[in-house]
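Spelled out, the chains give:
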Amino acid sequence: MKRRTLLATGAGAAMAAALGLPARAQDKTKVGFIYVGPINDGGWTQHHHHSAMEMVHHFGDAVDFVYQENVPEGPDAERAITQMALGGADIIFTTSFGFMDPTINVAANFPDVKFEHATGYKQADNVSVYSARFYEGRAIQGTLAGRVTKSNKIGYIASVPIPEVIRGINSAYLHAKKVNPDVEFKVIWIFEWLNPAKEADAAKALIEQGCDVVLQHTDSTAPHQAAKEAGGVYTFGQAADMAEYGPMPRISSIIDNWSPYYIERVQAVIDGTWSSVNTWDGIGAGMVGIGEISDAVPAEAKAEAEAMRDAIAAGTYHPFTGPINKQDGSAWLAEGEIANDGDLAGMFFFVEGIEGDIPS
Amino acid sequence: MDINPILLLAALMVASTPILLAAIGELVVERSGVLNLGVEGMMIVGAVCGYIAGHSSGNPYLGFVGAAAAGAALSLIFAVLTQFLLTNQVATGLGLTMFGLGLSSLIGQGSKGSPDLTVSKLHIPLLADIPVIGPILFQHDVMVYLSVAIVAGVWAFLKYSRAGLILRAVGENHDAAHALGYNVRAVRVLAIMFGGACAGLAGAYISLVRVPQWIDGITAGAGWIALAIVVFASWKPWRLIAGAYLFGGVTVLQLNLQAEGLKIPVEYLSMAPYLATIVVLVMIRAGRAPASLGKSFHPST
């Protein structure tokens, strides 16, 4: 538990102050991470931690690394972030959407500390935001899902109704529909990022209703286990490769690769060149990785998906290219029109063809 | 409609089993006059110990044995504190939950299991082949039946056995039971350990059957639901089954209705299990709590 390290370093700092020693005898940069889940969740938090560790290995002794896991979204997050800032962190990464307001609030009290908030949209002079264009990966999943499904029913375990999740559902649906006009999407909202029991129940419910592909925007591998037990059901790794469930049920994955970004930002702090930025990178920049497509997928579909991946990476194809209508039938994008980032960032509607409402 | 009622009812039994196991243990504890709010903590320690025992031995049933032992061991801390050192039961129970959550996280650090360890489903000869009823009732893993058997056993024990009568007497009036020469503390310590073992089994059911994996915080509040169901079931074993199955049933049903794209706001569906359970169990008449529930006892008084 690094929580103890955090306390220990805090106590050490207090003792150094009491002894009249210079608080920062060695010129190390202290990097802090706030995680929403445990570092062994197998998905989102584990991959942030993995990327953070790669950053630490890159810098070696030049950085001090602290983290706190299982920080609940909401008021308690503010306490955790404040504690880390008081502990002498130079830069703090807060890695969940729900940490947005707490990060902004704490940042106002610590103008000399740099903050980096993942997946949010509120920036400040000392708060950068960064996210990945996961919807690019969803386009590839949708294509594969549309190709491999036999029942034409595709299940989607959605977490919390925010634009990032809705973009993913829309992107997957559009691309599944494109290769297989008969597909139908079934969406279950569980209102949590990580709740293995609920994720397992949701996956089972979807499978029992005839879905033979289950996509997830939740963080654990529980849906894979449910699919494995049911047999003949395809899944995709989320945030981490989840390769231990391949070649079946896991046939591909979206891998969050944050380490280049972490290295770049920590380097900026070391160099004193850090400034507040808004970063939104995708497959092209390497922030979104597409996990190996397994042999359970027919070769043609695999080639098709890989071609799409390369086209997106090269910038020649955008997953949200018109014509696209909204769920109510009104036009969103005209023929050939490409969605702008503003529309995407605030997306709060389903595209035409998806059934059901987005919980508000 | 894509909802298959047979599969739905079968899923209901699986979803309800952890709550039922934890609740029946707590029911015995409360009938002996002790309020142990540490169910969640004992469950999660059972979950991680069961997971580790199961995966290191390669036998999930050994995992359940380990989980029951771990749950009972943790409850023993509560028993010593409340029965011999006379600490406040509410505070000690809450402390036990927090302790259990932290302890499980510590024990679970770096634990790795294989995705291949599974608890096989039984296929009870003849019965399992009955149409409709077979798939619903007779094709589950052994723990589902064990949980029902424990409920039946507890019911028979409390109602018909002399030991059960003593346990109830201790719960209703510990001074009178003491005056009659019964060892109040021994009865309560045994009841608490039974509750701990059941909570451990409940946790292991989540980490070995229902999910099945180990992740921090995996029980996600199921222990609190179990505690509530004991009260709403007015401390009666058969009502406990009704409450647990109702809660599990509506939980599974709401997921299915969502997948069905029903035009009911998802928020209402999500709160449905809690509402339905409270309404129904309140309607079947609230019962009376054991009279000595939550009171400390010392043989000198």
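Residues numbered from 1 in each chain as written. Chains lettered and ligands numbered in written order. Predicted model: local features only at pLDDT ≥ 70, side-chain atom pairs only at ≥ 80, totals over all residues. Heavy atoms only, no water.

Asks: Explain the pairing of strand 2 (residues 63–68) of chain A to me, and be specific about the residues and the numbers.
Replies: Residue and element names in this part refer to chain A. In terms of burial, strand 2 is largely enclosed, as five of its six residues are buried. Bridge analysis of strand 1 (residues 29–34) against strand 2 gives six bridges, and the strand direction is parallel. By the bridge assignment, phenylalanine 33 is partnered in strand 2 with tyrosine 67. Each parallel crossover has a hand, and for strand 1 linked through helix 2 (residues 44–59) to strand 2 it is right-handed. (Buried < 20%, exposed > 50% of the residue type's maximum accessible area, 1.4 Å probe, protein only. Helix = DSSP H or I, 4+ residues; strand = E, 2+ residues; numbered from the N terminus. Pairing = 2+ DSSP bridges. Right-handed = clockwise from strand over helix to strand, strands pointing away.)

Asks: Kindly report on a nonpolar patch on the surface, identifying the contributing residues and their values.
Replies: Residues and elements named next belong to chain B. A surface patch of nonpolar side chains, about 580 Å² in accessible area, is lined by Leu76, Ile77, Val80, Leu81, Phe84, Leu85 and Phe99. Ranked by residue count, the leading element in the nonpolar patch is helix 3 (residues 60–84), at five residues. Mapped onto the elements of the fold, leucine 76 is located in helix 3. Assessed through its relative accessible area of 34%, leucine 76 is described here as partly exposed. (Patch = residues over 30% accessible without salt bridge, like charges linked within 9 Å, V, L, I, M, F, W, Y side chains within 5 Å. Areas by Shrake-Rupley, 256 points an atom, 1.4 Å probe, with all protein chains shown as cover. Salt bridge = Lys/Arg side-chain N within 4 Å of Asp/Glu carboxyl O.)

Asks: How would you sum up helix 10 (residues 299–314) of chain A? Please name residues and give values.
Replies: Residues and elements named next belong to chain A. Here helix 10 spans 22 Å end to end across 16 residues, near enough to the 22 Å set by a 1.5 Å rise per residue. On the buried face of helix 10, the contacting elements are helix 5 (134–148) and helix 6 (163–179). Where helix 10 ends, the next residue or the one after it, glycine 315, has phi of about 85 degrees, a positive value. (Expected span 1.5 Å × (residues − 1). Contact = heavy atoms within 4.5 Å.)

Asks: Can you lay out the packing of aromatic side chains for me, pointing to particular residues and giving the numbers?
Replies: Working definition: an aromatic ring pair is given by the centre-to-centre distance plus the angle between the planes. Residues and elements named next belong to chain A. Under the defined criterion, the tally for this structure stands at 25 aromatic pairs over all chains. Both rings, one in phenylalanine 97 and one in tyrosine 121, keep their centres 6.3 Å apart while their planes meet at 50 degrees; by these two values the pair is tilted. Residue phenylalanine 97 is located in the loop between strand 3 (91–94) and helix 4 (100–109), and its partner tyrosine 121 is located in the loop between strand 4 (114–118) and strand 5 (127–132); the two are separated by 24 residues in the primary sequence. An aromatic cluster is built from Phe33, Tyr35, Trp44, Phe65, Tyr67, Phe93, Tyr130, Phe134, Trp258, Tyr261 and Tyr262, whose rings are joined through pairwise contacts. Lying over the aromatic face of phenylalanine 349, lysine 326 brings its terminal NZ or CZ to 4.6 Å of the ring centre. (Phe/Tyr/Trp six-rings, centres within 6.5 Å; stacked < 30°, edge-to-face > 60°. Lys NZ or Arg CZ within 6 Å of the ring centre and 35° of its normal.)

Asks: Tell me what's going on with unusual backbone geometry, and back it up with residues and numbers.
Replies: For the bond from methionine 248 of chain A to proline 249 of chain A, the omega torsion is 5 degrees, close enough to zero to count as cis. The omega angle of the peptide bond from glycine 322 of chain A to proline 323 of chain A is 5 degrees, so this bond is cis rather than trans. Following the sequence through the fold, proline 323 of chain A ends up in the loop between helix 10 and strand 13 (324–325). A positive phi is found at serine 234 of chain B, a non-glycine position, where the angle reads about 45 degrees. A relative accessible area of 2% places serine 234 of chain B in the buried class. Even without glycine at this site, tryptophan 235 of chain B takes up a positive phi of about 60 degrees. Mapped onto the elements, tryptophan 235 of chain B comes out in the loop between helix 10 (222–232) and helix 11 (237–260).

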